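Here is how the chains run, residue by residue.
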Amino acid sequence: MTNALFSPVTASFITALANDVGAENVSTAPAERRLHARDMSAHQEYLAEVVVWPHTAEQVAAVLRLANEAGVPVTAWGVGSSLEGNPVPVHGGVVLSLARMNGITAVHADDFQVTVQPGLPYKDLNRQLAPLGLFFAPDPGANATIGGMLANNAAGIRTVKYGASKDNVLRLQVALADGRLIQVGSRSVKQASGYDLLHLFVGSEGTLGVITEATLKLWPIPELMSAVVASFETVAAAVETVVLVRGSGLEPAALEFIDATHARLLSQAEGVDLGDQPALFMEFHAAHQATLQMGLDTVQEICRSMGAVRFRATTDPTERRRLWHARHAAYEIALRAHPQQKFMILDVAVPISAFPAMVAHIEATLDAHALTGYMVGHAGDGNLHVLLPFGDEASYRVATAVNEAVVLQAIELGGTATGEHGVGFGKARFMTREHGPALDVMRVIKQTLDPNGILNPGKIFSL
Ligand code: MLT
Ligand code: ZN
């Protein structure tokens, strides 16, 4: 990609950056630039010209002010665990790493809230909160930072009960392109005060501002948790069961679907017994044993009525952790099973009633292309991934065609091009189709908040 739109990083720009954040927090070393050139996906890498590590919100604001005046692009970076190229500096310029802003600013235990800096990884946050009996619920798997999770509205396995990142944030401090620092939202759970700017920044992928502090909602760690694995003879029976479980009034804390090939692979690699048929993974949380047991009885009845061939429920914490560990390792395990190949990771979401139709469409599309793909999804909220291996140019083209067909079908079914991985540059080409004239409104908002277009250019909108 050319840089005709932007100014190059000059020696005097680097000196000014060093004045703002300290020379030890600025690097043009090729190794650092390479470490910040790609995310966890197979998307193309791009090198920034300089990496900076501010320590305070004021320093973030100063970097943005400087870059805005100089016309240099700035791309915020958490840990690079995204999957659509979201923090990849496609136009070069500055990578602004939040890694050194990784502290807890305040715990408001009586309000079930915590205020954190954006570079704090969520698993580290939860380790620190555990002694208080509290946790931050969104659980995308990879140890993403809070800032990255909010910027991309990350979700994961717990969304079906606790919501996505957007549902678990109350207030943000944001640095704008011109260097202003603003607060949006409040620590009140109920908020009805003016435009909802809080949720404008959530999911904006660093294109409207950089999150410098976040106040999050917390939940009490449940007294009792169970894990359930149910296997079915057909994919159709498994995914229809999802709709029934959701309709039963039970509140699963996780409700995941995994196809037969993937179940077999995870069982072999992780030493857990998921069988070799399409399976549902579920988790239930409760405060009392009797409530938990009643829920498990109901879910067993539903699964049996749908012809489940295996049903295993456990409250043993070690077994439960092993199961979820296997589920979270699904991508790495698939990568290891195809050492010579890369993966395209599909991510679509549809209304829950359309989930069986979405899965059937994917099966038919894979069959039509004679492709192996691993299906795994947060079925309880209609979100599905397909992991598609590819090796050469020809198989990349086929995977791209499958991705396109799946996204268009999801939109057709009333869903969305991305349930949780965001747009980055991987999904930008679908935005007009999904949003129509609403995309023009997004462009106007972008133009208002970032008139020089310096914030994470090349994302969300196709340039
Ligand atoms: C997941 O659900 O595991 C992630 O969103 C995607 C992945 O790593 O496959
Ligand atoms: Zn996922």
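1. Examining the coordination of the zinc ion (ligand 2)
Turning to step 1, where the next piece is worked out: Coordination sphere of the zinc ion (ligand 2), protein contribution only: His378 (NE2), His385 (NE2) and Glu420 (OE), at 1.9 to 2.1 Å.
Turning to step 2, where the next piece is worked out: Sequence spacing of the donor residues for the zinc ion (ligand 2), all on one chain, is H-x6-H-x34-E. In this pair, histidine 378 sits in strand β17 (residues 374–378) while glutamate 420 sits in the loop between α14 (393–412) and α15 (431–435), placing the two residues 42 residues apart along the sequence. For the pair shown, histidine 378 and glutamate 420 are each scored as buried.

2. Let's talk about the pattern of salt bridges
Turning to step 1, where the next piece is worked out: Per the stated rule, a full pass over the model turns up 16 salt bridges.
Turning to step 2, where the next piece is worked out: Between arginine 127 and aspartate 124 there is a salt bridge, with the nearest N and O atoms lying 3.0 Å from each other. Taken together, the residues span about one helical turn, with arginine 127 and aspartate 124 both in helix α4 (residues 122–129) at a distance of three residues.
Turning to step 3, where the next piece is worked out: When its relative accessible area of 57% is taken as the criterion, arginine 127 is described as exposed.
Turning to step 4, where the next piece is worked out: A residue is classified by how much of its surface remains accessible, and aspartate 124, at 25% relative accessible area, is partly exposed.
Turning to step 5, where the next piece is worked out: Measuring nitrogen to oxygen at the nearest pair gives 3.0 Å for the salt bridge that ties arginine 180 to aspartate 178.

3. Some points on the site of ligand 1
Turning to step 1, where the next piece is worked out: Lining the immediate surroundings of ligand 1 are Leu83, Arg327, Tyr331, His378, His385, Leu387, Glu420 and His421.
Turning to step 2, where the next piece is worked out: One of the side-chain nitrogen or oxygen atoms of arginine 327 is found 2.8 Å away from an oxygen atom of ligand 1.
Turning to step 3, where the next piece is worked out: Between glutamate 420 and ligand 1, the recorded distance is 3.0 Å, taken from a side-chain N or O atom to an oxygen atom.
Turning to step 4, where the next piece is worked out: Within the complex, the protein chains bury 90% of what would otherwise be the 260 Å² of accessible surface of ligand 1.
Turning to step 5, where the next piece is worked out: Tallied by class, residues from the shell around ligand 1 come to three nonpolar, three polar and two charged.

4. Observations regarding the nonpolar core
Turning to step 1, where the next piece is worked out: Within the largest apolar cluster, 53 residues are counted, with the highest numbers of intra-cluster contacts made by Phe257 and Met282.
Turning to step 2, where the next piece is worked out: Apart from residues no more than four positions distant in its own chain, methionine 282 is found in contact with Ser226, Ala227, Val228, Ala230, Ala254, Leu255, Val299, Cys303 and Trp324.

5. Concerning unusual backbone geometry
Turning to step 1, where the next piece is worked out: Phi at asparagine 153 is positive, roughly 45 degrees, even though this residue is not glycine.
Turning to step 2, where the next piece is worked out: For asparagine 153, the location among the structural elements is in the loop between α5 (146–151) and α6 (159–162).
Turning to step 3, where the next piece is worked out: Backbone geometry places glutamate 205, a non-glycine residue, at a positive phi of 55 degrees.
Turning to step 4, where the next piece is worked out: Among the structural elements, glutamate 205 can be located in the loop between α7 (197–201) and β10 (210–217).

6. With respect to the side chain of threonine 215
Turning to step 1, where the next piece is worked out: Mapping threonine 215 onto the fold places it in strand β10.
Turning to step 2, where the next piece is worked out: By relative accessible area, which is 0% here, threonine 215 ends up buried.
Turning to step 3, where the next piece is worked out: Within the structure, threonine 215 has its side chain in polar contact with the side chain of threonine 115 (distance 2.9 Å).
Turning to step 4, where the next piece is worked out: Excluding residues that lie within four positions of it along the chain, threonine 215 makes contacts with Gln113, Val114, Thr115, Val169, Leu170, Arg171 and Arg187.

7. A look at the environment of aspartate 20
Turning to step 1, where the next piece is worked out: Summarising the element assignment, aspartate 20 is placed in helix α1 (residues 11–21).
Turning to step 2, where the next piece is worked out: Put simply, aspartate 20 and alanine 62 are 42 residues apart on the chain and 6.5 Å apart in space, counted from C-alpha to C-alpha.
Turning to step 3, where the next piece is worked out: In this view, aspartate 20 contacts Gln59, Ala62 and Leu66; residues no more than four positions away in its chain are not counted.

8. Notes on the pairing of strand β8 (residues 169–175)
Turning to step 1, where the next piece is worked out: The element β8 is extensively covered by neighbouring structure, given that six of its seven residues are classed as buried.
Turning to step 2, where the next piece is worked out: The sheet contact formed by β8 and strand β9 (residues 181–185) spans five bridges and is antiparallel. Paired with glutamine 173 across the bridge in β9 is glutamine 183.
Turning to step 3, where the next piece is worked out: The turn joining β8 and β9, which pair antiparallel and follow one another in sequence, is formed by five residues; a positive phi near 95 degrees is taken by glycine 179.

9. Here's the deal with the sheet that holds strand β3 (residues 74–77)
Turning to step 1, where the next piece is worked out: Sheet architecture is open: four strands sit in the order β1-β2-β4-β3, paired in mixed fashion. Edge positions in the sheet fall to β1 (26–27) and β3, since each has one partner strand and no second.
Turning to step 2, where the next piece is worked out: With four bridges joining them, β3 and strand β4 (residues 94–97) adopt parallel strand pairing. Of the residues in β4, the one forming a bridge with alanine 76 is leucine 96.
Turning to step 3, where the next piece is worked out: Each of β2 (50–52), β3 and β4 touches helix α3 (residues 57–70); the most contacted strand, β4, lies at about 170 degrees to it.

10. Overview of the sheet that holds β9
Strand pairing within a sheet occurs via backbone hydrogen bonds; the two strands may be parallel or antiparallel.
Turning to step 1, where the next piece is worked out: The five strands lie next to each other as β5-β6-β10-β8-β9, forming an open sheet whose pairing is antiparallel. Because the sheet does not close on itself, it has two edges, and the strands there are β5 (104–108) and β9. Each neighbouring strand pair of the sheet contributes to a mean axis angle of 15 degrees, computed without reference to strand direction.
Turning to step 2, where the next piece is worked out: With respect to the sheet, α4 is in contact with β5, β6 (113–116) and β10, its orientation differing from that of β6 by roughly 130 degrees.

What counts, and where the lines are drawn
Residues numbered from 1 in each chain as written. Chains lettered and ligands numbered in written order. Predicted model: local features only at pLDDT ≥ 70, side-chain atom pairs only at ≥ 80, totals over all residues. Heavy atoms only, no water. Donors = N, O, S within 2.8 Å, 3.2 Å for Na, K, Ca; no water. Helix = DSSP H or I, 4+ residues; strand = E, 2+ residues; numbered from the N terminus. Buried < 20%, exposed > 50% of the residue type's maximum accessible area, 1.4 Å probe, protein only. Salt bridge = Lys/Arg side-chain N within 4 Å of Asp/Glu carboxyl O. Near = heavy atom within 4 Å. Polar contact = N/O pair within 3.5 Å; in protein donor to acceptor, adjacent residues only side chain to side chain. Areas by Shrake-Rupley, 256 points an atom, 1.4 Å probe, with all protein chains shown as cover. Nonpolar A, V, L, I, M, F, W, Y, C, P; charged D, E, K, R; others polar. Core = buried A, V, L, I, M, F, W, Y, C linked by side-chain atoms within 4.5 Å. Contact = heavy atoms within 4.5 Å. Pairing = 2+ DSSP bridges. Axes fitted to C-alpha atoms, helices over the stretch in contact; angles between N-to-C directions.

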